[in-house]
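Understanding the architecture of this molecule
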Amino acid sequence: PCSSLAVKRGEVEEVETQGEGSTRKPVFNYHGIDQDLLQEMVYDALVWSSLHGLLVGDKSVQRSGKVPGVGLVHAPFALLPLSFPESNWRQACELSPIFNELVDRVSLDGNFLQESLSRKRVCPQILAADFSNRTKKADSFTSGLLEIHSKMLKMNKKEEIRMGLHRSDYMLDEQTKLLLQIELNTISSSFPGLSCLVTELHRSLLNQYGEVLGLDPRKIPDNSALSHFVEVFAKAWIEYNNPRAAVMFVVQAEERNMYDQHWLSAVLKERYPFDLYNTHNITTIRKTMAEIDAEGELLADGTLVVGGKPIAVIYFRAGYTPNDYPSESARLFMEQSSAIKCPSISYHLAGTKKIQQELAKPGVLERFLDNKEDIAKLRKCFAGLWSLDDSDIVKKAIEKPELFVMKPQREGGGNNIYGEDVREALVRLQKEGTDGTAAYILMQRIFPTVFPTFLMRDGICHKDFAMSELGIYGAYLRNKDKVIMNDQCGYLLRTKISSSDEGGVAAGFAVLDSIYLS
Ligand code: ADP
Ligand code: MG
Ligand code: MG
């Protein structure tokens, strides 16, 4: 790219950038590193990952997504931590509790969610277009969630205990040096377990090799994601106040990232063999949506029972894509139950891209938050976000598609539209006289700094140019008026090769990384 968008006071302007080759000074000389030293570090890192559970299921082994202990391979990781400005790191951490509160407030405004997400649903012509299979699925998926949400509104269902385990993702824009939010995940925020391990791996390597590399292990900030998540489970369980009830992980039938999830249940069991009063066991169970459909019951008093066990907390690590739903009924009766949902349907919807775009409109944050400083902090990290109703922006995006990303209402990576495809999609939507633009949003494309790095995958070390996305985990728990927890809790750095639009650790373009404060 030779230019990027700058968004100032709602105005969009184009600015020249130095192009893709521009790099930030890396923490040490990647090109001049001694090859023997590199091989030694690679070997040690692979041993460390294997011994400490920095693992995923191996794609090439068929049963690796179903049977634990079969076909394990180290999770893809960066060999060394990435230099990241301390001021931006602090800024991202500070934003976390504000976003937690924002999600909670937005979740309580049922009309705002319904209006923003259901306005101008997709028209039939768009569904007929080539790329529409995806659109249609994505959109009927959002409609299905909205349907459940609307049923809850009609029932006047109240969630008194509300629990959020979010992850807000950011990129550092090279040109403006601004920390800009990519998205806020309110469902299935992944890697709280493995990200902590990568931090430990990097510290361990720097403890050994830091001196020769000129790197100080103390500059890698603590990563508390795993222990914080587990603490929220335990505290939520206490609030639910049924000693026989279990924490249920809702999972996909095949999950190669299962160890990240097992870390949570294992540490929960280890750290809280008994509850905080030392009286009762907290057990966890794992169920797919189909199993919940088949085995779940909703008792008259609202208790959700699955496989004979009452459920205190439902933790969704599935349910963010239509593929996870054999039918909507499981999600519906979970929502109707008194179990604590992480997330509830309202929290889930509050984390959609359409809501992100609505919240970025002038005056909207003010509807949900009172503190002016907090509002200013949030707004500072908003990139340009537009609805497809905005014809000036659509025109601009057709002229310069490389400056935009087009996003459907989907999660889990691999769904966005980039470059020439943006133009094509927009032109097609226009031709078809579309009214169905709520299915997408347009976002300013962010161009982060590109730097050289060592990426480890399948036991092989590659040197490549890469860029990073910082995710900050946030934990929120409240019971009625009592806020029990509202914290920033750990981070995930994902480093992806710069030639890939999306990245994605599971997809094979990104690796887990940690931060080296500079
Ligand atoms: P998902 O919910 O599928 O993860 P994201 O909004 O995070 O959707 O987009 C997926 C990926 O696409 C991000 O991890 C990032 O690599 C890239 N991406 C998303 N938005 C932008 C943007 N505005 N500028 C540059 N890259 C982006
Ligand atoms: Mg997401
Ligand atoms: Mg994402």
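Our structure is the block above this text.
Note that the structure is a prediction, hence the values are computed from the model and not measured.

About the cut-offs
- Residues numbered from 1 in each chain as written.
- Chains lettered and ligands numbered in written order.
- Predicted model: local features only at pLDDT ≥ 70, side-chain atom pairs only at ≥ 80, totals over all residues.
- Heavy atoms only, no water.
- Helix = DSSP H or I, 4+ residues; strand = E, 2+ residues; numbered from the N terminus.
- Buried < 20%, exposed > 50% of the residue type's maximum accessible area, 1.4 Å probe, protein only.
- Areas by Shrake-Rupley, 256 points an atom, 1.4 Å probe, with all protein chains shown as cover.
- Donors = N, O, S within 2.8 Å, 3.2 Å for Na, K, Ca; no water.
- Expected span 1.5 Å × (residues − 1).
- Salt bridge = Lys/Arg side-chain N within 4 Å of Asp/Glu carboxyl O.
- Near = heavy atom within 4 Å.
- Polar contact = N/O pair within 3.5 Å; in protein donor to acceptor, adjacent residues only side chain to side chain.
- Nonpolar A, V, L, I, M, F, W, Y, C, P; charged D, E, K, R; others polar.
- Pairing = 2+ DSSP bridges.
- Contact = heavy atoms within 4.5 Å.
- Core = buried A, V, L, I, M, F, W, Y, C linked by side-chain atoms within 4.5 Å.

1. With respect to the overall build of the protein
Along the protein, the regular secondary structure elements total 16 helices and 23 strands. Here the protein holds 518 residues, and 60% of them are scored as buried. For the protein, the exposed surface amounts to about 21300 Å²; the carbon and sulfur share of it is 49%.

2. So, the coordination of the magnesium ion (ligand 2)
Distances from the magnesium ion (ligand 2) to its protein donors, E183 (OE), E183 (OE), N185 (OD1) and E411 (OE), fall within 2.0 to 2.3 Å. In this structure, the magnesium ion (ligand 2) lies 3.6 Å away from the magnesium ion (ligand 3), the two metals sharing E183 as a donor. In this pair, E183 is assigned in strand β8 (residues 179–185) and E411 in the loop between β16 (404–408) and β17 (417–418), connecting sequence segments 228 residues apart. Exposure remark for E183: the relative accessible area of 12% places this residue in the buried category.

3. Some points on helix α7 (residues 225–240)
Helix length check: α7, at 16 residues, gives a terminal C-alpha distance of 22 Å against a target of 22 Å (1.5 Å per residue), a fit within 8%. With 12 of 16 residues buried, α7 lies mostly within the body of the structure. Taken together, the buried positions of α7 are A225, L226, H228, F229, V230, V232, F233, A234, A236, W237, I238 and Y240. A positive phi of about 65° marks N241, the residue just after α7.

4. Thoughts on the pattern of salt bridges
Evaluated as defined, the whole model comprises 28 salt bridges. Across the pair K177 and E174 runs a salt bridge, and its minimum N-O distance is 3.6 Å. Close ionic contact of E411 with K353 constitutes a salt bridge, the shortest N to O distance being 3.0 Å. On the criterion of sequence distance, the pair formed by E411 in the loop between β16 and β17 and K353 in helix α12 (residues 353–359) is long-range, its members being 58 residues apart. Both residues of the pair, E411 and K353, count as buried. Several salt bridges share partner residues, and in doing so they unite R167, D169, E469 and R494 into one network.

5. Thoughts on the site of ligand 1
In the vicinity of ligand 1, 20 residues are found, and the nearest of them are K353, K407, G413, I446 and E469. Residue E411 places a side-chain N or O atom 2.9 Å away from an oxygen atom belonging to ligand 1. Within the side chain of Y418, an N or O atom sits 2.8 Å from an oxygen atom of ligand 1. Taking 540 Å² as the accessible area of ligand 1 by itself, protein coverage stands at 95%. Every element with two or more residues in the shell around ligand 1 is listed here: β8, β16 and β18 (440–444). Of the residues that constitute the shell around ligand 1, the class distribution is six nonpolar, four polar and 10 charged.

6. Points about the pairing of strand β20 (residues 460–479)
The buried fraction of β20 is high, at 14 of 20 residues. Here strand β7 (residues 161–172) runs beside β20; their pairing, made up of 10 bridges, is antiparallel. Bridging across to β20, H166 finds its partner in G474. Of the pairings in the sheet, the one linking strand β19 (residues 451–457) to β20 comprises seven bridges and is antiparallel in character. Within β20, the residue paired with L455 across the bridge is H462.

7. Here's the deal with the side chain of H149
By the secondary structure assignment, H149 is in helix α5 (residues 132–155). Judged by relative accessible area, H149 falls into the buried class, the value being 2%. Within polar-contact distance, the side chain of H149 engages the side chain of Q114 at 2.8 Å. Once residues within four sequence positions are removed from consideration, H149 is found in contact with G110, L113, Q114, I345, S346 and L349.

8. Focus: the environment of S329
Looking at the element boundaries, S329 is found in helix α10 (residues 329–336). In this structure S329 comes out as partly exposed when scored by relative accessible area, which is 33%. Between the alpha carbons of S329 and M289 there is a distance of 9.2 Å; along the sequence they are 40 residues apart. Only 2.5 Å separates the side chain of S329 from the side chain of D293, close enough to count as a polar contact.

9. So, the nonpolar core
Grouped together as the largest cluster of nonpolar side chains are 134 residues, with contacts concentrated most on L79, M163, F233, M248 and M334. At 11 residues, the largest contribution of residues to this core is made by α7. Among all residues touching M248, those that are not within four sequence positions of it are I285, K287, I292, L304, V306, I311, V313, I314, Y315 and M334.

Remember that the coordinates give geometry; whether it matters functionally is a separate question.
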